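Report on the structure
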Amino acid sequence: MEPLASFFGLSATLLAIGIYGLATKRSAIRILFSVELIYNAANLNIVAFARLRNPPLVTGQVLVIFSIALAAMEAAVGLAIILLAFRLNSDIDLRKMTRLKG
Amino acid sequence: MTSPLFFKVAVFPGLTSIGIIIALFIWLDRKITARVQLRVGPLYASPLGGVLQSFADLIKFAFKELFIPRNADKFFFVAAPVLALIGGAGLVGLIPFTPEWQISNLELGLPAFLAFVTLSPMLILLAGWSANSKYPFIGGLRSLFQQTAYEIPLWLSAIGVVMMAGTMNLIGIVQAQAKPWYVFPGMYIPGWYIIPQALGALLFFITATAEMERIPFDLPEAEPEIIMGWQAEYPGFLFMSAAGASFVRLYAFSALFSVLYLGGWMGPAPVPALLWTAIKIIIVSSLIILLRATFPRVRIDQLLRAGWTYLLGLAFLNIVITYLLVVGPRI
Amino acid sequence: MPDIAFFGFAAVTVLGAILALESRDLVYGAVSLGVSFLGVASLFFLLDAAYIGVFQIAVYIGAVVILILFTVMLVGPAKGEGPTEFRRTALFIGILVAMMLGVGGALASPSAFSTNQPCTPECDLAQFSQSLLVTYSVQLAVLSLVFAAAVIGALTLAKSERGTA
């Protein structure tokens with residue numbers, strides 16, 4: 001198979017798995033997993049497009065560095081929020097978090 | 001049939017030599033500690049000061065029952081120490097003992113080494129969690145806090161070397177130290193980075209000792225407080241892997257320190273290159289072992305406060321100093 | 001040879017991703033997520049982006065997965081795991097099919113993307129650093145400010161948690 005298409009297909013599969021998780025899961029931590037998978041799909045896509053372009057671009061790698069750093073921040077803040085929600089509700093099921101005020 | 005790569009992976013610097021060197025390190029550890037405390041240490045297992053004691057222990061451990069606690073998570077309980085041992089051996093594969101004696105010469109050798117080091121707190125946390133017991137879990141959590149806090153100063157202190165050498169390849173870093181700093185007539189100061197990078201080398205030494213979880217930073221094990229911590233529930237062979245992983249990391253980090261700061265296989269006297277590397281590794285690891293016999297254990301809050309404030313600040317200071325050293329002469 | 005490597009790493013990535021969402025125990029899920037990230041890092045190595053691969057291992061597995069494991073162990077294993085709703089599984093299959101159609105379209109269209117060109121000057125580490133630290137230096141500074149904000153935010157959340165509990 002053509003390299004670009006195979007990387008693109010893998011990225012699309014990862015994105016689809018991530019969207020599936022976002023749509024069906026109820027646990028906040030599984031939702032965070034899905035978001036990280038979607039980040040990875042995007043990063044893979046960006047690097048593959050930058051590498052397989054003619055001539056190759058280095059900008060894609062720089063963009064992915066920014067993206068990975070942002071994903072790490074998002075995970076840190078997201079997990080702090082999950083811990084806080086767990087302290088308040090003693091559960092992390094997103095469907096049960098119906099109160100607006102803690 | 002023995003291609004050079006196969007020989008390297010299987011014999012030296014690969015698996016066989018790693019096994020023998022770990023056994024020797026365990027003996028060295030016990031012997032030096034004993035001497036400092038005015039004991040004799042291992043004595044009877046060979047004519048030469050009990051050198052074969054670790055091999056005898058290995059045989060004893062191999063015959064012990066492989067007892068897995070009933071409520072333990074079996075998969076991670078077995079997999080975590082074995083993976084930690086394999087990962088530690090992988091670290092040794094990145095070290096250039098001489099330009100010829102290296103298993104994989106990566107362009108990004110230094111960050112690859114440090115990135116592999118970051119995998120270990122996950123394994124130790126899983127090992128502590130899977131035993132389903134209080135002391136191992138406390139040990140795993142302590143390891144998580146300690147290792148993630150000390151990774152950052154470790155990376156930052158290594159940046160100084162990369163700035164001076166202009167490369168992240170470990171062979172390139174050693175070759176950049178070949179040029180002497182000042183050559184007066186009849187006087188020779190080797191261009192090892194321990195001189196311009198003294199602060200960085202000290203920080204790297206401290207943080208690496210903390211990453212190895214050796215006294216005074218062995219809080220995850222802490223025998224008197226939490227009874228060997230994450231290793232508490234491990235039976236014979238698995239305990240051997242867990243303890244062996246710690247000594248593989250001692251070996252790998254001593255070798256990395258001698259490559260980064262002590263000029264690797266180069267030295268002022270005409271001695272075979274491999275012997276220089278061996279001498280430097282033995283000196284660095286003996287220093288780390290001496291720390292164990294000399295200092296008391298720190299508390300976890302002291303450790304974390306020192307890591308996040310002093311060590312981090314000094315690591316940034318080291319980067320500024322290195323910047324002035326590298327860019328200063330050009331202005 | 002690169003094809004075999006690609007399919008091996010792709011299989012690891014996809015299987016890890018599926019297990020991360022479908023494993024019964026959240027701890028196993030977090031570790032599978034780490035395995036999936038490791039697969040993506042290996043794919044970065046295949047794409048001559050070794051630095052990104054190392055960065056991915058250090059940040060994702062060394063920091064993100066460990067944070068997730070820590071949170072999972074604090075929260076407890078079986079929280080928030082309601083039954084999966086099957087209507088939404090159908091949605092998933094629909095999205096997957098749409099994605100695959102997109103791949104088919106990309107395959108069919110002729111493109112400027114060629115296959116086996118060497119990547120010596122462009123994928124060089126020096127070129128990459130030049131781009132990161134000179135061309136995009138302002139963006140890097142803004143990113144570090146965002147980092148500081150995120151750290152302060154996470155610390156504030158953790159502190160208020162201790163205050164109310």
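Check the entry above for the structure.
Conventions adopted
Residues numbered from 1 in each chain as written. Chains lettered and ligands numbered in written order. Predicted model: local features only at pLDDT ≥ 70, side-chain atom pairs only at ≥ 80, totals over all residues. Helix = DSSP H or I, 4+ residues; strand = E, 2+ residues; numbered from the N terminus. Contact = placed C-beta atoms within 7 Å. Core = buried A, V, L, I, M, F, W, Y, C linked by C-beta atoms within 7 Å. Buried ≥ 20, exposed ≤ 12 C-beta atoms within 10 Å, placed from the backbone. Axes fitted to C-alpha atoms, helices over the stretch in contact; angles between N-to-C directions. Parallel < 35°, antiparallel > 145°, perpendicular 65-115°, else oblique. Nonpolar A, V, L, I, M, F, W, Y, C, P; charged D, E, K, R; others polar. Expected span 1.5 Å × (residues − 1).

Let us look at the overall build of chain C. When helices and strands are counted, chain C shows six helices and zero strands. Walking chain C from its N terminus toward its C terminus, one meets helices and strands in the order α-α-α-α-α-α. Counting only contacts in chain C whose residues sit at least 6 apart along the sequence, the fraction spanning at least 24 positions is 51%.

Attention shifts here to the environment of A242 of chain B. Residues and elements named next belong to chain B. With respect to the helices and strands, A242 occurs in helix α11 (residues 236-261). Separated by 210 residues in the primary sequence, A242 and I32 place their C-alpha atoms 22 Å from one another. Excluding residues that lie within four positions of it along the chain, A242 makes contacts with P81, A84, Q231 and Y234.

Another point: the nonpolar core. Grouped together as the largest cluster of nonpolar side chains are 165 residues, with contacts concentrated most on V47 of chain A, V248 and Y251 of chain B together with V65, I68 and L69 of chain C. Among the elements that line this core, the one with the most residues is helix α3 (residues 50-75) of chain C, at 20 residues. If near-sequence neighbours (up to four positions away) are discounted, V65 of chain C is found in contact with M122 of chain B together with A30, L33, G34, F37 and Y60 of chain C.

Turning our attention to the packing of helix α9 (residues 198-212) of chain B against α11 of chain B. Residues and elements named next belong to chain B. Following both chains from N to C, one finds α9 and α11 inclined at 170 degrees, their axes separated by 10 Å at the closest point. Taken as axis vectors, α9 and α11 run roughly antiparallel relative to one another. On α11, the residues that touch A201, F204, F205, A208 and M212 of α9 are S246, R249, L250, F253, F257 and Y261. Looking at the contact of α9 with α11, its residues break down into nine nonpolar, one polar and one charged.

Residues and elements named next belong to chain C. Helix length check: helix α2 (residues 26-46) (21 residues) gives 30 Å between terminal C-alpha atoms against 30 Å at 1.5 Å per residue, within 8%. The buried count for α2 comes to 16 of 21 residues, which makes it a mostly enclosed element. At the exit of α2 stands D48, carrying a positive phi of roughly 60 degrees.

Right, let's talk about the interface of chain C and chain B for a bit. With 15 residues of chain C at the interface, the matching set in chain B holds 14 residues. Per element, the largest residue contribution to the side of chain C that touches chain B is 12 residues, and it comes from α3 of chain C. Classifying every residue of the side of chain C that touches chain B gives 13 nonpolar, two polar and no charged.

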